[in-house]
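Coordinate analysis (summary)
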Amino acid sequence: MMAARSPKVTVRRGGVEDAEAVRAMFAMPRAMAGTLQLPYPTAAMWAQRIAENAADDYLLVAEVDGRVVGNLGLHPASRSPRRRHAAAIGMSVHDDWQRRGVGSALLVAALDIADNWLNYRRLELTVYTDNAAALALYRKFGFAIEGTHRDFAFRDGRFVDAYAMARLRPEAPRARTAGAGIRQATVNTGHAKSTKKAEVRPAAHRKATKTARKRAAS
Ligand SMILES: CC(C)(COP(=O)(O)OP(=O)(O)OC[C@H]1O[C@@H](n2cnc3c(N)ncnc32)[C@H](O)[C@@H]1OP(=O)(O)O)[C@@H](O)C(=O)NCCC(=O)NCCS
């Protein structure tokens, strides 16, 4: 039976009981090549890793017909209070289930909790410069390249570069004092170099926010 091009994907929080499914996913060649995973992963290793997750370490898993076919980790980027607004993302979809919307479903769920519940302003990740699929997916969800890590990791006998990508939550710039004036405003346009001096007035707020939201959703 052919699997559907756009299957119904359910996203839920993963647990220790998903260790074997996560192991199987990361043992696949494309999943391993796109991440920092090592050959011959074990379920015990994954069970331990998942069990050690703190309350604010989110493992999301995607299911199709009750089978786990994708996973996404959303973790605080740092324990420093000054980086409380930043989180890191890593994800993988089973090789047999790629390009069917599973990765998108996981990212939609992750961005919802990051933006609307965990109050993260900045989401960051690294992606190999030759990972066209992941780059296209992340761009689609508003991530922009910020720089290149040279010889970032060793993969299948050679060093590979990786891009640092980040997405700033689209939101209106916040006024420091009542009344309009000239001040530094940051508007997420989906591009890294989006900080500019702006005359911030309520109408400008609304327009910038609307544009940013439209871009992030496209
Ligand atoms: C990157 C990855 C997570 C994408 O997941 P996915 O379920 O295949 O993604 P989706 O089906 O939701 O695709 C969403 C969009 O991403 C882009 N995309 C996905 N696969 C693509 C491919 N092979 N080539 C080009 N673009 C691709 C497209 O823009 C796609 O939208 P479209 O199908 O409407 O054109 C998946 O390919 C994967 O797990 N790869 C191996 C592990 C990995 O590289 N993880 C990322 C680490 S940074």
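Residues numbered from 1 in each chain as written. Predicted model: local features only at pLDDT ≥ 70, side-chain atom pairs only at ≥ 80, totals over all residues.

**Points about the pairing of strand S6 (residues 144–155)**
The element S6 is barely covered by neighbouring structure, given that only zero of its 12 residues are classed as buried. As defined by bridge partners, S6 adjoins strand S7 (residues 158–168) across eight bridges and the pair is classed as antiparallel. Across the sheet, residue Thr148 finds its bridge partner in S7, namely Tyr163. Between S6 and S7, which follow one another and run antiparallel, lie two residues, and Asp156 among them has a positive phi close to 50°. (Buried ≥ 20, exposed ≤ 12 C-beta atoms within 10 Å, placed from the backbone. Helix = DSSP H or I, 4+ residues; strand = E, 2+ residues; numbered from the N terminus. Pairing = 2+ DSSP bridges.)

**A short note on the site of the ligand**
Around the ligand lies a shell of 23 residues, among which Gly34, Gly103, Ser104, Ala133 and Leu137 are the nearest. Secondary-structure elements contributing two or more residues to the shell around the ligand are helix H2 (29–34), strand S4 (86–93), helix H4 (102–116), strand S5 (122–128) and helix H5 (132–140). For the shell around the ligand, the element with the most residues is H5, which contributes six residues. Looking at the shell around the ligand, its residues break down into 11 nonpolar, eight polar and four charged. (Near = placed C-beta within 6 Å. Nonpolar A, V, L, I, M, F, W, Y, C, P; charged D, E, K, R; others polar.)

**Here we look at the sheet that holds strand S3 (residues 67–76)**
Overall, mixed pairing links the seven strands, which are arranged S1-S2-S3-S4-S5-S7-S6 in an open sheet. Bordering the open sheet on either side are strand S1 (10–13) and S6, each of which pairs with just one other strand. Each strand of the sheet is rotated relative to its neighbour by a mean of 25°, with strand direction disregarded. As judged from the seven bridges shared by S5 and S7, these two strands associate in the antiparallel manner. Residue pairing in the sheet places Thr126 in a bridge with Ala164 of S7. Along the sheet, H4 contacts S1, strand S2 (58–64), S3, S4 and S5; its crossing angle with S3, the most-contacted strand, is approximately 35°. (Axes fitted to C-alpha atoms, helices over the stretch in contact; angles between N-to-C directions. Contact = placed C-beta atoms within 7 Å.)

**Side note on the environment of Tyr58**
Looking at the element boundaries, Tyr58 is found in strand S2. Between the C-alpha atom of Tyr58 and that of Ala110, which follows or precedes it by 52 residues, the distance is 8.7 Å. Contact partners of Tyr58, with chain neighbours within four places excluded, come to Arg13, Gly73, Leu74 and Ile113.

**Considering the confidence of the model for the protein**
Residue-level pLDDT values for the protein average 84, and 77% of them are 70 or greater. Counting interchain partners and residues more than four positions distant, the pLDDT-below-50 stretch residues 179–218 has 50 contacts. (pLDDT = per-residue confidence, 0-100.)

**Digging into the nonpolar core**
With 43 residues, the main nonpolar core has Leu60, Ala62, Val102, Leu106 and Ala110 as its most contacted residues. Contributing elements (two or more residues each) for this core: helix H1 (19–26), S2, S3, S4, H4, S5, H5 and S7. By residue number, the principal contributor to this core is H4, which donates seven residues. (Core = buried A, V, L, I, M, F, W, Y, C linked by C-beta atoms within 7 Å.)

**Focus: H1**
Looking at H1, one finds that the buried residues are Ala19, Ala21, Val22, Met25 and Phe26. Down the axis of H1, the sector holding all buried residues measures 165°, keeping them to one side. Where H1 is buried, its residues meet H2, helix H3 (43–51), S3 and S4. (Arc of directions from axis to C-beta.)

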